[in-house]
Amino acid sequence: MKFIKTWWPIVLLAAIGAAMLIPITMSPPGSTRIVVDHTLETYISPLCFDQAEATNNLGEVTWERATGYGYKPESACTETQLAPQTMLLWQSLAIRLGLIDGPWSW
């Protein structure tokens, strides 16, 4: 019984530490803001907007809404910017809690 009382905090800390080192794949949050071209039915990452070939029928929506419309990425640049990212579990939690900026914080 003494063994359990002595070692459980160490085992618990080791399990939490190991869990924080697990890599996971995280997709952009649905609330990520992007530019949409309603004429071409495409969406554009803000970082790719300068090189995009877009009409003047533009809007700003969430990524979830743009994909819900059935719009497609305007270029490979946009696909790359909105691709799922592999990160450690602790980074993912910090992004979701708003403690650090994620790769989609434009």
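Here the structure is shown first, and the text comes after it.
Figured I'd write up the structure that's included with this text. (Residues numbered from 1 in each chain as written. Predicted model: local features only at pLDDT ≥ 70, side-chain atom pairs only at ≥ 80, totals over all residues. Heavy atoms only, no water.)

## Considering the sheet that holds strand S4 (residues 58–62)
If you trace the four strands from one edge of the open sheet to the other, you get S4-S2-S3-S5, paired in mixed fashion. If you trace the sheet from one side to the other, it starts and ends with S4 and strand S5 (72–73), each paired once. Sheet topology places strand S2 (residues 33–37) next to strand S3 (residues 42–44); three bridges connect them, and they run antiparallel. In the sheet register, Val35 faces S3, and the bridge partner there is Ile44. (Pairing = 2+ DSSP bridges. Helix = DSSP H or I, 4+ residues; strand = E, 2+ residues; numbered from the N terminus.)

## Some words on the nonpolar core
The biggest cluster of nonpolar side chains holds eleven residues, and these are Met26, Ile34, Val36, Tyr43, Val61, Ala66, Tyr71, Leu82, Met87, Ile95 and Trp104. If sequence neighbours within four positions are ignored, Val61 has contacts with Thr32, Arg33, Ile34, Val36 and Ala66. (Core = buried A, V, L, I, M, F, W, Y, C linked by side-chain atoms within 4.5 Å. Buried < 20%, exposed > 50% of the residue type's maximum accessible area, 1.4 Å probe, protein only. Contact = heavy atoms within 4.5 Å.)

Limitation: the analysis is restricted to geometry and does not speak to function.
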